Structure formats: C-alpha cells, structure tokens
Amino acid sequence: MRAEKVDKIATAVVLSLAGLVGLLIISFLAYLLVVGLPNVSWHFLFSPAESFKSGGGIRDQLFNSLYLVVLTMLVSVPLALCAAIYLSEYAPQNRLTATLRLAIEVLSSLPSVVIGLFGYLVFVLQFGLDFSLLAGALALTILNLPLLTRACEDALQQVPQLQRQAGLGLGMSKWRVTTKIVLPAALSGIITGAILSAGRIFGEAAALIYTAGQSSPAISYTDWNPFSPTSFLNPLRPAETLAVHIWKVNSEGLVPDARAVSNGSAAVLIITILAFNLLARLVGYLIKRRLAK
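Residues numbered from 1 in each chain as written. Predicted model: local features only at pLDDT ≥ 70, side-chain atom pairs only at ≥ 80, totals over all residues. Heavy atoms only, no water.

A. View of the overall build of the protein. The number of helices and strands found in the protein is 11 helices and 0 strands. Secondary structure elements of the protein occur, N-terminal to C-terminal, as α-α-α-α-α-α-α-α-α-α-α. For the protein, the proportion of its 293 residues judged to be buried stands at 40%. A total accessible area of about 16,500 Å² is found for the protein, and carbon and sulfur atoms account for 69% of it. Both charge centroids of the protein, one from 21 positive and one from 14 negative side chains, sit 13 Å from each other. (Helix = DSSP H or I, 4+ residues; strand = E, 2+ residues; numbered from the N terminus. Buried < 20%, exposed > 50% of the residue type's maximum accessible area, 1.4 Å probe, protein only. Areas by Shrake-Rupley, 256 points an atom, 1.4 Å probe, with all protein chains shown as cover. Lys, Arg positive; Asp, Glu negative; His and termini not counted. Charge placed at Lys NZ, Arg CZ, Asp CG, Glu CD.)

In structure tokens:
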C-alpha cells in the first residue's frame, strides 16, 4: 500500500474518532442544558434553597461557589506564580529540579477525594478550622496549585530568550529582567491560565464535601463584617457550594422538585464554567492586542 494512501486512511480514522468524541461531549452538554434551562429563572437564581418544600433556589450555593473561587485564587495564584518563576528563570537543570517537576505532575494527578480527605484531616481537624470556606479554599489550593504552576511556567517559557538576553545586556539584574520584561510579556498566558483554573475549581465537589461542608447556614447579605457568624463574607462559616448542592439533592434531597433543582443547578454550573473559558480567551486576546500596539 502506498504511503500517501496509508496517510489518508490514518488521517480519516483520527478525524472520525475525534469527531465522535466531540459529538458525544456536545450531545451530553446539550442534554444537560435542554433539561436544565427550563428550570432556571430569576427566582431560582436569587432565592434561598428549601429543605422540605418545592420552589427553592440556589442563591447561597452560587455565591458560596464564587466566593470560594476568589479565596482559592488569592492563595494559589501568588504561590503558583512564585513557583513558576523559580522553575522557569532560576532553577538549574539538575536532579533536584527534575524531582520537583515530577512531584508537581504526581500532585496534579491525585483524585480530588484524596485531597478532600487530606484537607479534612489537616485543615478541619488538625488546624481546627472546622467545616468552613477557608478549609475548602486551602484544599482547593492543593488541587489547583500544580495545574496553575504549569500554566504559569509555560507562559513564562514562551517569552523569547532574546528578550532576556537583551535586558541582561543592558545591565539589568536577573530579577528586574524577570519582573520588567518576562512577566509583562507572559501576562496574557498567566491570566488565561488563572481564569481557566478558576473555572475548573468552580465545579469541584469531592474535595469540598469534607472541608467546606454540606450545609449553608442562614447568612445576611447586608452584614459586611467578615468576623460576624452571619456575614456572607465570613470565611470561617460552613458553606455548601453549587456542585455539592447538586450531589446532595440527587443523593438525599427531600424536596418534591429535587430533579428540577438538580437539572437547573447543573445548567447554571455548565454555563458558568463556559463563561470562565470564554472570559479567559477574551482577556488573553485583549492583552495580546494591547501589547502588540
């Protein structure tokens, strides 16, 4: 058989399999949206959940998810950026660096339920944080740190080496070259990676069942004191997120409209994660366009 014919057959097989996978994913998402969007309304988005009667919403769960993402990113972004700068700009290529990279790869492949159990033993029990947003944010930081570190490192490594050499040739220190030349040039990739990782942790559930908790106590959105037990800004209160709420409603929900609440919550979750991905692409495009001027 001629090489050109073999290449065409292999290309057709690969494209067919890729198209099949894409069709399955699109069909799955379309099904969730079709059955879930009819249950989504302003009342559903901005009313509290009900425990025993129908007509509840997801206001608190949706806010808890967004607030948890903010807390997690406040912790994980500085750590990941510092680690990426060290690995990309300062770390020598030796056995220690290779071991560190291997550890990051292993940590990124850990199941989220394992990280949740670790967070329960360390943050909830050992540190005495109990079930809280802060304990959940710390657990999600462990889950998010390897992927975010790799994204930041890839963004830094995409900066041409010639720019670093030009800065050093002008007498700039290594740190000034990194902060004044490399980081601004890699800003688009760093922000894109951060937003994508935020979308990933927004839909996390297993790690939060054991750390953030499975209940949402009554909170006041007019109480701006973060130390108040009823404040919506209190990071030490237990908080049921949207993904955990979906799991809980499907497993032990007592409300008559449990299926409708679950479908509507799933649709909101998918749309929000999609918004994170679109926002990442838009921000990356705008930054690249601005830097190109």
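Anyway, onward from the coordinates.
B. Main features of the packing of helix H7 (residues 161-169) against helix H8 (residues 174-202). Put simply, H7 and H8 touch, their axes get as near as 10 Å, and they point 145° apart. The handedness of the crossing between H7 and H8 comes out as right-handed. Across the interface between the two elements, Gln163, Arg164, Gly167 and Leu168 from H7 touch Lys174, Val177, Ile181, Val182 and Ala185 from H8. Considered class by class, the residues forming the contact of H7 with H8 number 5 nonpolar, 2 polar and 2 charged. (Axes fitted to C-alpha atoms, helices over the stretch in contact; angles between N-to-C directions. Left-handed = near helix turned anticlockwise from the far one by under 90°. Contact = heavy atoms within 4.5 Å. Nonpolar A, V, L, I, M, F, W, Y, C, P; charged D, E, K, R; others polar.)

C. Representation of the side chain of His245. With respect to the element layout, His245 can be found in helix H10 (residues 242-252). In this structure His245 touches Ala49, Gly57, Ile58, Gln61, Glu240, Val261 and Ser265, once residues within four positions along its chain are discounted.

D. Molecular detail of a nonpolar patch on the surface. Together, Ile9, Val13, Leu17, Leu20 and Leu24 make up a nonpolar patch on the protein surface, roughly 470 Å² of accessible area in all. Considering the arrangement of structural elements, one finds Leu24 in helix H1 (residues 3-36). (Patch = residues over 30% accessible without salt bridge, like charges linked within 9 Å, V, L, I, M, F, W, Y side chains within 5 Å. Salt bridge = Lys/Arg side-chain N within 4 Å of Asp/Glu carboxyl O.)

E. The arrangement of H8 in detail. Compared with the 42 Å implied by 1.5 Å per residue over 29 residues, the 36 Å span of H8 between its first and last C-alpha is markedly short. The sharpest bend along H8 measures roughly 55° and falls at Leu187. (Expected span 1.5 Å × (residues − 1). Bend = angle between axes of the 7 residues up to and from the residue.)

F. A look at the pattern of salt bridges. Applying the stated criterion across every chain, the model contains 6 salt bridges. A salt bridge links Glu89 to Lys174; the shortest N-O distance between them is 3.9 Å. Residue Glu89 is located in helix H3 (residues 59-90), and its partner Lys174 is located in helix H8; the two are separated by 85 residues in the primary sequence. Residue class for Lys174 comes out partly exposed when judged on its relative accessible area of 33%. Between Arg101 and Glu153 there is a salt bridge, and its shortest N-O distance comes to 2.2 Å. Of this pair, Arg101 sits in helix H4 (residues 95-108) while Glu153 sits in helix H6 (residues 133-157), placing them 52 residues apart in sequence. Arg101 gets classed as buried once you look at its relative accessible area, which sits at 19%.

G. Fine view of the environment of Tyr86. Following the sequence through the fold, Tyr86 ends up in helix H3. In this structure the C-alpha to C-alpha distance between Tyr86 and Val6, which are 80 residues apart in sequence, comes to 46 Å. Once residues lying within four places of it in the same chain are set aside, the contact partners of Tyr86 are Ala91, Pro92 and Leu100.

H. Local environment of the environment of Ala205. Within the element layout of this structure, Ala205 appears in the loop between H8 and helix H9 (206-209). On the accessibility criterion, Ala205 (18% relative accessible area) is buried. Excluding residues that lie within four positions of it along the chain, Ala205 makes contacts with Ala243 and Val244.

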